[in-house]
Amino acid sequence: MDYIIGLTLRIGVIISVVLILMGVVLLVIEGKGLGFSDIQIMSVRSHVNTAVIPPLTALSGLTHADGLSFIVLGLMVLIATPVLRVALGIASFAMERDWLYVVITVVVFINLMLAIFVLPALLHL
């Protein structure tokens, strides 16, 4: 199980890096992403905040080879990678019948889910 967890982390990071690099290349070539111009995106004082781009909007841009969509997807994969690691940890501890660590890891997983999905909705982010 440790091998699977390590492999999952490596693959998640590699996929994330590839998606982000593809997005950067597409941004440089196209000069725009999700309706924003390259000046708006590439500026040091950019007003483009990926935290307010809904995931479904980013995913819909993939079919149009939209650079910002690839970057947002890469960031989502990067965020999901350690979350998947925690979920695999629950399975690993359950297979070992180490119930104390199953409970602790479930609490960590619930905290992650609250931080990713519930708190941003409550704070209108």
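Residues numbered from 1 in each chain as written. Predicted model: local features only at pLDDT ≥ 70, side-chain atom pairs only at ≥ 80, totals over all residues. Heavy atoms only, no water.

Asks: Whenever I open this one, the overall build of the protein confuses me. Can you help?
Replies: Of the regular secondary structure elements, the protein holds five helices and two strands. Secondary structure elements of the protein, listed N to C terminal, follow the sequence α-β-β-α-α-α-α. Taking the contacts inside the protein whose residues are at least 6 apart along the sequence as the reference set, 56% of them involve residues at least 24 apart. Split by element, the accessible area of the protein, about 8300 Å² in all, is 74% carbon and sulfur. (Helix = DSSP H or I, 4+ residues; strand = E, 2+ residues; numbered from the N terminus. Contact = heavy atoms within 4.5 Å. Areas by Shrake-Rupley, 256 points an atom, 1.4 Å probe, with all protein chains shown as cover.)

Asks: How do you make sense of the packing of helix α4 (residues 67–95) against helix α5 (residues 99–122) when you look at a structure like this?
Replies: Any two packed helices are characterised by the angle at which their axes cross and by the distance between the axes. Running from N to C, α4 and α5 point in directions that differ by 155 degrees, and their axes come no closer than 8 Å. On the basis of the axis angle, α4 is roughly antiparallel to α5. The element α4 and its partner α5 pack so that their crossing is left-handed. Contacts from I79, V83, V86, A87, G89, I90, F93 and A94 of α4 reach α5 at W99, Y101, V102, T105, V106, V108, F109, L112, M113 and I116. The residue makeup of the contact of α4 with α5, split by class, is 16 nonpolar, two polar and no charged. (Axes fitted to C-alpha atoms, helices over the stretch in contact; angles between N-to-C directions. Parallel < 35°, antiparallel > 145°, perpendicular 65-115°, else oblique. Left-handed = near helix turned anticlockwise from the far one by under 90°. Nonpolar A, V, L, I, M, F, W, Y, C, P; charged D, E, K, R; others polar.)

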